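What follows is each chain in one-letter form.
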Amino acid sequence: MDPVTLSVMAGALAGIAEEMGVVLVRSSYSSNIKERRDCSTALFDARGRMVAQAEHIPVHLGAMPEAVAAVIDRNPEPGDVFIVNDPFTGGTHLPDITLVSAIAGSDEEVIAYGVTRAHHSDIGGKSSGSMPADSRSIFEEGLIIPPVRLVCRGEPVADVLELVLANVRTPAVRRGDLKAQLAANRVAEIRLNELLDRPDAPPAPIIFDEVISYAERLTRGLLGELPDGVAEAASELEGDGVTDADIPIRVRVEISADQLRVDFAGTSGPVAGNVNCPVPVTRSACFFALRVLAGAGIPANAGAYAPLDVLIPEPSLLAAPRPSAVVAGNVETSQRIADTVLAALAQLVDFLPAQGQGTMNNVIIGGEDWTYYETIGGGQGATGAGPGPSGVHVGMTNTLNTPIEAFELEYPMRVERYELRYGSGGDGRHEGGDGIERSIRVLAPASASLLTDRRRHAPAGMAGGLPGGVGQNLLNGEPVPPKAALSLAAGDVLTVRTPGGGGWGQA
Amino acid sequence: MTAGARLGVDVGGTFTDLVLLRDGQLVTAKVPSTPADQSEGVLSAVQVAGVSDVVAFAHGMTVATNALLERRGARTALVTTEGFRDLLEIGRQNRPSLYDLSMGRPRQLVPRELRFCVRERMGPGGVIEPLDEQSLHEVVAALRSAGVEAVAVCLLFGFLHPAHERRVGEAIRAALPSVHVSLSSAVLPEVREYERCSTVTADAYLGPKLGAYLANLGDRAVAAGLPEPLIMQSSGGVTELRRAANLASACVLSGPAGGVVGAAYAGRESGYADLLSFDMGGTSTDVAPIVGGVCPVTTGAEVAGVPIRHPMVDVHTVSAGGGSIAARDAGGALRVGPESAGAVPGPAAYGRGGDRATVTDANLYLGRLEDGARLGSGEVQLSRAYAERALEQLGDELHLTAQETALGVIRVANAEMARALRVVSVERGLDPRRFALAAFGGAGAMHACALAEELGIATILVPEAGGVLSALGLAISDLRQDLVQALPAPLTDAISERVEEGFGELEARARASLEGPALRLERQADLRYRHQAFELTVAADDVSALASNFHAAHQQRYGYATPEQPVELVSLRMVATLPVDKPVLDTPPADSHAPAKSRRVHTGAAWETVPVHVRANMGAGSRVTGPSVIELAGATAWVAPGWSGEIDSAGALVLTCRES
């Protein structure tokens with residue numbers, strides 16, 4: 001393909017994914033999608049290769065091919081839309097619902113797939129918000145949806161929708177969010193066909209092949225400029241919600257020519273609690289590390305990830321077998337995987353930052369007919385270029401907070417404190433960012449789940465910088481473990497202090 | 001016809017533009033801007049144009065925008081509720097770049113040592129903890145010793161229950177009378193503490209600087225025999241000088257707003273109410289929708305990394321223009337921008353040391369720009385030989401000829417521009433095929449035909465005043481005031497009394513600030529479905545129709561509605577406008593039929609000898625048929641094969657596609 005058409009087509013495909021994202025964010029109901037943007041949109045080719053993605057948060061990065069592959073196994077026909085959330089058949093954790101639409105070209109063959117993934121704020125299970133801190137199997141975490149048709153050859157399958165809605169706590173909101181996902185998938189179909197109808201457009205398979213190999217060339221080019229080498233790193237998760245013991249994560253990275261290999265041999269086996277990861281989550285965390293390494297400007301498609309080999313022992317913490325509990329794998333373990341891979345890579349290249357807070361500080365509080373889910377920012381690691389920002393999301397997430405005023409208008413709760421923990425960032429030539437303290441008083445009886453980490457192992461500094469301060473969780477001033485399921489009485493105050501980022505360079 | 005003349009003066013980065021409208025005729029002037037004191041340039045433009053008899057003088061400027069961009073506002077403190085000291089720094093907790101971890105946040109307007117807290121707490125229902133006077137005294141003392149020039153006050157739920165904020169403001173003003181004080185409940189009484197806090201902080205930060213500038217300008221204007229200037233706000237309407245000085249945060253997009261208003265006016269004069277405005281300059285391109293003759297406003301935008309939640313014309317800016325550099329990337333694709341050659345060294349064709357091909361070089365090589373043409377005041381001369389050398393060099397890397405490269409650069413640049421136009425049309429639920437494309441800026445009319453074809457647009461409008469459209473917009477701007485009042489409540493029949501009451505209060509405030517028999521009051525409401533986190537603003541003239549208006553707006557914007565879902569009210573809005581007489585633009589017919597020149601131009605398919613018209617020699621009724629070129633003042637139009645048109649009575653070149 002000539003360099004002009006290549007540029008125009010790569011831009012057009014990215015534009016389709018972005019427009020899908022705009023439609024999804026704008027038209028969804030729940031703040032989780034709309035304000036926090038916990039969602040992603042993508043276009044795949046008929047062979048199930050990703051050709052464009054608009055990711056709003058990194059944890060969805062490249063994590064959708066398994067979902068599309070699972071759909072392709074079920075012989076989709078044009079006009080079909082599949083719904084799936086099963087972590088062991090293409091999903092990540094149950095709240096992330098993926099819709100895959102089979103897109104027909106002019107000759108009624110499936111030429112591509114439009115895909116949207118969004119974190120729904122409830123999908124049933126033992127606790128409202130579907131993020132139980134103490135789940136021990138997938139069955140406790142909510143409704144499992146294998147790839148099934150939500151729309152069949154253009155006709156909505158009402159039975160499936162009804163089955164889903166009957167299993168969730170907030171059916172009207174779910175219905176709205178699913179409608180938003182369908183609307184975004186329709187955009188993919190319309191725009192792709194418009195693109196292919198243009199006189200200067202080559203046939204779809206040629207466009208897809210060319211744009212994928214373009215991203216692969218770019219990525220390999222950047223990897224090729226890095227020094228070859230091997231490095232190892234070790235880290236740990238602070239408990240799994242069942243026991244408080246550390247869970248080891250081990251990684252060995254190897255850069256050789258234009259290839260990156262990541263091997264997790266030595267990592268813990270599957271655990272009883274819910275910090276297990278399905279394979280797509282583990283791969284996604286590795287993609288994040290590669291993306292940080294390779295820099296921006298590379299189209300997000302299958303080619304960008306082709307130079308990456310990920311070896312995961314099976315079964316393990318990072319390749320969990322059915323029916324493991326996995327809900328926290330996506331939100332906590334993924335952070336630690338990315339941190340550990342980057343810690344190993346930092347021994348080979350000299351431009352990576354100190355570690356950030358390394359947790360999402362998941363807080364889920366629910367009462368009789370309401371559910372609140374929030375993740376809390378903390379310190380980002382400092383870099384050679386400057387200090388780390390304070391009170392931000394790091395690593396695998398980048399969701400927005402819920403405004404306090406919106407929160408208090410909606411829930412029987414009050415925020416008593418929400419400010420930075422000055423001095424919690426690690427010292428150094430450049431200081432790490434500070435963590436946050438957020439205190440919430442519940443005004444009615446409620447249950448709460450905390451899924452947090454870095455409460456005893458601090459985020460590391462870089463190049464002589466000091467580590468950031470660890471976080472802390474408190475109930476009425478008394479410490480509670482990093483992962484905890486709590487029962488709250490009216491008037492109780494839950495306080496989360498998030499970690500600071502590591503410093504860079506000697507002070 | 002109006003008795004006196006209307007004057008608009010717009011200060012841009014490089015030039016200060018003036019438009020004087022008298023009896024439907026335009027007088028224009030362009031002088032260099034004077035960044036140290038923008039009023040210098042304003043007065044010198046007035047002198048150059050020999051202005052007299054002015055009944056209205058409107059002004060657009062970049063004083064506020066620049067102070068924000070350069071972080072050169074007042075030394076500003078922030079007072080918040082105890083426990084919420086860092087609202088501004090935490091923001092929404094998101095980081096600026098997902099993968100570039102070395103990218104920090106934009107610099108804070110208020111450093112940590114200037115953030116203070118008072119002990120108090122309001123909640124949804126009112127006082128939770130009374131304001132502690134002792135803590136207020138301590139804060140006032142701390143403000144005094146910190147030597148601040150401005151203070152922003154943003155307390156939780158101040159938008160709904162402003163008593164504590166007012167008391168804090170009163171105490172600070174009494175103790176520190178020379179300090180500028182901005183209260184969130186006065187500047188932006190809307191829910192969501194971060195955006196409100198960010199807006200009120202920007203207001204305090206910009207207030208002293210903008211106030212001083214405007215006071216000086218006002219004095220100088222009056223001394224020069226002009227009326228006191230009206231100031232363009234981000235909303236696309238002008239306001240009295242003292243109001244602008246008191247609400248600096250509402251003027252951060254003063255500059256771009258004028259251009260959109262000018263485009264809307266020029267469009268109306270030519271009979272087109274639905275336009276996509278396309279202003280392509282050297283380094284950036286502004287696009288905006290105009291619907292039914294008016295510029296839609298959004299409820300805010302981020303300017304220089306600072307969210308500002310005032311109504312703003314819906315302008316979308318992309319950093320691509322004539323000076324965007326074309327290059328082969330490491331993956332072998334031809335990319336255009338975001339790097340720009342700027343004015344210095346500029347495109348290769350300027351011969352000022354730039355050796356990388358730009359969009360301008362491609363246009364020159366293809367004959368759409370004239371070899372040897374002089375730009376600006378004549379100090380730069382375009383050289384096709386330099387352009388060709390740069391394109392050849394790039395072509396060698398791409399294995400393309402210079403000609404293929406030039407055509408490729410145009411195609412890639414057009415794809416980028418089309419994407420920007422889609423953002424302001426398709427992504428807003430507007431079908432571009434129903435719109436005319438209003439092309440202006442130095443390069444707008446050169447790319448308009450290709451863009452129109454790509455978007456399915458059948459009509460292109462090139463306004464006569466394309467080079468000074470912002471100043472034209474100023475000259476005809478309506479006075480406007482935007483008022484808002486929070487009213488968070490379920491939308492039920494029971495609420496209609498409170499809605500009426502709220503609108504009554506807003507109306508009283510509007511009438512207190514704008515007077516005139518022609519005063520137009522537009523009622524609007526921000527609504528959402530319960531559990532939604534974003535609102536849609538809909539017309540609220542008929543309170544009983546609010547819900548159905550909302551469902552319809554939701555359907556239009558998002559493609560679906562759910563009438564069975566409960567709807568919530570969030571805020572009431574009132575847009576008060578005092579329309580000014582809009583002169584009718586009147587262009588005389590051409591008095592001579594000066595023969596067109598001709599030159600070789602590549603049409604996209606082949607090289608052809610095409611006529612080159614000079615706009616100055618054309619008048620109402622003059623016709624053109626593509627392929628041809630029209631040389632305008634400060635711009636060039638490329639009429640592609642298949643397009644033709646004429647100059648209309650308003651002086652605009654109106655092109656239509658023969659095939660459609």
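It should be emphasised that the depicted structure is a prediction, and the values quoted were computed from it without experimental measurement.

### Focus: the overall build of chain B
Helix and strand content of chain B: 16 helices and 36 strands. For 660 residues, the compact-globule formula gives about 26 Å, and the C-alpha radius of gyration of chain B, at 26 Å, lands near that figure. Principal-axis analysis of the C-alpha atoms gives chain B an extent of 80 × 60 × 55 Å. For chain B, with 660 residues in total, the buried portion stands at 54%. Counting contacts in chain B only where the partners sit at least 6 residues apart, residues at least 24 apart contribute 66% of the total.

### Remarks on the environment of A:Asp197
On the secondary structure map, A:Asp197 appears in helix H5 (residues 171-197). When the C-alpha positions of A:Asp197 and A:Gln181 are compared, they lie 25 Å apart, and in sequence the two are 16 residues distant.

### Brief notes about the confidence of the model for chain B
Averaged over chain B, the pLDDT score is 92; the fraction of residues at 70 or greater is 98%. Note on the complex model: pTM 0.92, ipTM 0.92.

### Considering the domain arrangement of chain A
Residue and element names in this part refer to chain A. Here chain A is described as being made up of domain 1 (3-215) and domain 2 (353-507). The centre of domain 1, based on its C-alpha atoms, is set 30 Å off from the matching centre of domain 2. In this complex, domain 1 contributes 19 residues to the contact, which on the side of domain 2 involves 18 residues.

### Details of the nonpolar core
When a protein is soluble and globular, its nonpolar side chains tend to lie buried together. By size, the foremost hydrophobic cluster in this structure holds 361 residues, and its most contacted members are A:Leu13, A:Leu43, A:Ala289, A:Val341, B:Val151, B:Leu437 and B:Ala438. At 14 residues, the largest contribution of residues to this core is made by helix H1 (residues 3-27) of chain A.

### What to know about the sheet that holds strand E13 (residues 275-280) of chain B
Residue and element names in this part refer to chain B. Taken in spatial order, the 8 strands line up as E19-E14-E13-E24-E25-E36-E35-E32 in an open sheet, and their pairing is mixed. In this open sheet, the two strands that pair with only one neighbour each are strand E19 (316-318) and strand E32 (623-625). Strand-to-strand twist across the sheet, computed as the mean angle between neighbouring axes with direction ignored, equals 20 degrees. Of the strand pairs in this sheet, strand E14 (residues 285-290) and E19 are connected by 3 bridges, and their pairing is antiparallel. Looking at E19, one finds that Thr285 is bridged to Val318.

### Focus: helix H7 (residues 279-294) of chain A
Residues and elements named next belong to chain A. For H7, which comprises 16 residues, the first-to-last C-alpha distance of 22 Å matches the rise-based estimate of 22 Å (1.5 Å per residue) to within 8%. Judged by how many residues are buried, H7 sits mostly within the fold: 15 of 16 residues are covered. Gly295, located one to two residues past H7, shows a positive phi value of around 80 degrees.

Conventions adopted
- Going along each chain's sequence as written, the residues are numbered from 1 onward.
- Numbering of ligands from 1 and lettering of chains from A proceed in the order in which they are written.
- Two thresholds apply to this predicted model, a pLDDT of at least 70 for residue-level local features and 80 or more for giving and counting side-chain atom pairs, whereas whole-chain, interface and lining totals are computed over all residues.
- The secondary structure listing takes helices from DSSP runs of H or I that are at least 4 residues long and strands from runs of E that are at least 2 residues long, numbered from the N terminus.
- For this measure, only C-alpha atoms enter the radius of gyration; the expected value for a globule follows 2.2 Å times N^0.38, where N is the number of residues.
- A residue is called partly exposed when the number of other C-beta atoms within 10 Å of its own lies between 12 and 20, exposed at 12 or fewer, and buried at 20 or more, with C-beta atoms placed from the backbone.
- What counts as a contact here is a pair of residues whose C-beta atoms, placed from the backbone, lie within 7 Å.
- pLDDT gives the predictor's per-residue confidence on a scale running from 0 to 100.
- An automatic or database domain assignment supplies the start and end points of every domain.
- Residues enter a nonpolar core if they are buried, belong to Ala, Val, Leu, Ile, Met, Phe, Trp, Tyr or Cys, and are joined to the set through C-beta atoms within 7 Å.
- Two strands pair under a simple rule: DSSP has to find at least two bridges between them.
- Axis definition: a line fitted to C-alpha atoms, over the contacting stretch in the case of helices. Angles run 0 to 180 degrees between N-to-C directions.
- For a helix, the expected span equals 1.5 Å multiplied by the number of residues minus one.

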